[in-house]
Amino acid sequence: MENDNGMTLREILKKYGSLSEECLQEFESQAVMESYMRKEVIEPQGKICDSLYFTSQGLTRVAFHRGRKEDTICFGGAGDVFMSFHSLYGSQKAVFSLVAITDLTCYRVSNNSFRMLRQKYPDVQRWFANILMEQLYSFEELYSRLSLANPEERMRRFWDLKSDNLLAMSASQLTRVVPLKIIAQYLGMTAQTLSRVRRYLVGK
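The buried fraction of strand 8 (residues 104-110) amounts to five of the seven residues, a majority that puts the element mostly inside the structure. Where strand 1 (residues 32-36) meets strand 8, five bridges bridge the pair, whose relative direction is antiparallel. Across the sheet, residue Glu34 finds its bridge partner in strand 8, namely Cys106. Bridge analysis of strand 3 (residues 51-57) against strand 8 gives six bridges, and the strand direction is antiparallel. Bridging from a neighbouring strand, Gln57 pairs with Thr105 of strand 8.

As structure tokens, then:
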């Protein structure tokens, strides 16, 4: 499955481990390419998430809502994979939502198709273990860097922790693409506090 404007499904899959040619072909046969608009909710919190999403092009964020409050957990981009562990493992409602920051293209593979692939191909089990370790590592790194830090430290560490998709942008580009409100959510501070320390970000 080709995509001239972003990463192919094969390229995304190979980021996390080797798969046989037969397995790659079957993965491609099960995948559907979809497009989403900026700010569109791809998977909502509180409903069963019945698919895995492999981002080909664009930026996403993982969000959490409680009442009227919202938090941004992390960012994603080309090559990243989103799944709801509650839905995939426990057939429960998704704890987080997936939202497009920019216009987005991705490959969607249903949970049922993914379960079939895991049962049929041992290398998918190894691939899945790799992606689970990568995601847990990222959460540990995020928490250890940002937890118990003051606003200035959070801003500095945010710049150090940016993903490859965000590293390609200058500070001024980043703040045009990702609203300051979203960056403030991610850093665990109010928009007003972010405005006070924003000079650090813009000055990079």
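Further remarks concern the packing of helix 2 (residues 21-30) against helix 4 (residues 111-120). For the pair helix 2 and helix 4, the least separation of the axes is 10 Å and the interaxial angle reads 170 degrees. Between helix 2 and helix 4, the interaxial angle falls into the category roughly antiparallel. You can see that helix 2 and helix 4 cross each other, and the crossing is right-handed. Contacts between helix 2 and helix 4 involve Glu26, Phe27 and Gln30 from the first element and Ser113, Phe114, Met116, Leu117 and Lys120 from the second. Taken together, the residues of the contact of helix 2 with helix 4 sort by class into four nonpolar, two polar and two charged.

A word on the pattern of salt bridges. Think of it this way: side chains of opposite charge can pair up when their charged atoms draw near. Using the criterion set out here, one finds five salt bridges in the structure. The partner of Glu21 in a salt bridge is Arg10, and the shortest N-O contact between them spans 2.6 Å. Of the two residues, Glu21 is situated in helix 2 and Arg10 in helix 1 (residues 9-14); the sequence distance between them amounts to eleven residues. Glu70 is the partner of Arg61 in a salt bridge, and the nearest nitrogen-oxygen pair spans 3.2 Å. Here Arg61 falls in the buried class, since its relative accessible area comes to 9%.

Over its 25 residues, helix 5 (residues 122-146) extends 37 Å from the first C-alpha to the last, a length consistent with the 36 Å expected when each residue adds 1.5 Å. All of the buried residues in helix 5 are Asp123, Val124, Trp127, Phe128, Ile131, Gln135, Leu142 and Leu146. Looking one or two places after helix 5, you find Leu148, whose phi comes out positive at around 60 degrees.

Here four strands make up an open sheet; going across it, the order is 2-7-4-5 and the pairing antiparallel. Of all strands in the sheet, those bounded by a partner on one side alone are strand 2 (41-43) and strand 5 (69-76). Between one strand axis and the next, the sheet turns by 35 degrees as a mean value, whatever way the strands run. Sheet topology note: the strand 4 (residues 60-66)/strand 5 ladder contains seven bridges and is antiparallel. Residue pairing for strand 5: Ala63 is matched across the bridge by Thr72. Packing of helix 9 (residues 180-187) onto the sheet brings it into contact with strand 4 and strand 5, and relative to strand 5 it is tilted by some 90 degrees.

Tallied over the full model, the rule gives nine aromatic pairs. Note on Phe75 and Tyr186: the rings are 4.9 Å apart at their centroids and 55 degrees apart in plane angle, and the pair reads as tilted. Taken as a pair, Phe75 in strand 5 and Tyr186 in helix 9 lie far apart in primary sequence, 111 residues in all. The buried category is assigned to Phe75, whose relative accessible area is 16%.

Counting residues in each nonpolar core, the largest one holds 23 residues, and the members touching the most others are Leu13, Leu19, Phe27, Phe54, Phe114, Val124 and Trp127. Of all the secondary structure elements, the ones that give two or more residues to this core are helix 1, helix 2, strand 3, strand 8, helix 4 and helix 5. With four residues, the top contributor of residues to this core is helix 5. Not counting the four nearest positions on each side in its chain, Leu19 is found in contact with Leu13, Leu24, Phe27, Asp123, Val124 and Trp127.

Definitions and cut-offs
Residues numbered from 1 in each chain as written. Predicted model: local features only at pLDDT ≥ 70, side-chain atom pairs only at ≥ 80, totals over all residues. Heavy atoms only, no water. Buried < 20%, exposed > 50% of the residue type's maximum accessible area, 1.4 Å probe, protein only. Helix = DSSP H or I, 4+ residues; strand = E, 2+ residues; numbered from the N terminus. Pairing = 2+ DSSP bridges. Axes fitted to C-alpha atoms, helices over the stretch in contact; angles between N-to-C directions. Parallel < 35°, antiparallel > 145°, perpendicular 65-115°, else oblique. Left-handed = near helix turned anticlockwise from the far one by under 90°. Contact = heavy atoms within 4.5 Å. Nonpolar A, V, L, I, M, F, W, Y, C, P; charged D, E, K, R; others polar. Salt bridge = Lys/Arg side-chain N within 4 Å of Asp/Glu carboxyl O. Expected span 1.5 Å × (residues − 1). Phe/Tyr/Trp six-rings, centres within 6.5 Å; stacked < 30°, edge-to-face > 60°. Core = buried A, V, L, I, M, F, W, Y, C linked by side-chain atoms within 4.5 Å.

So yeah, pure geometry; function would need other evidence.
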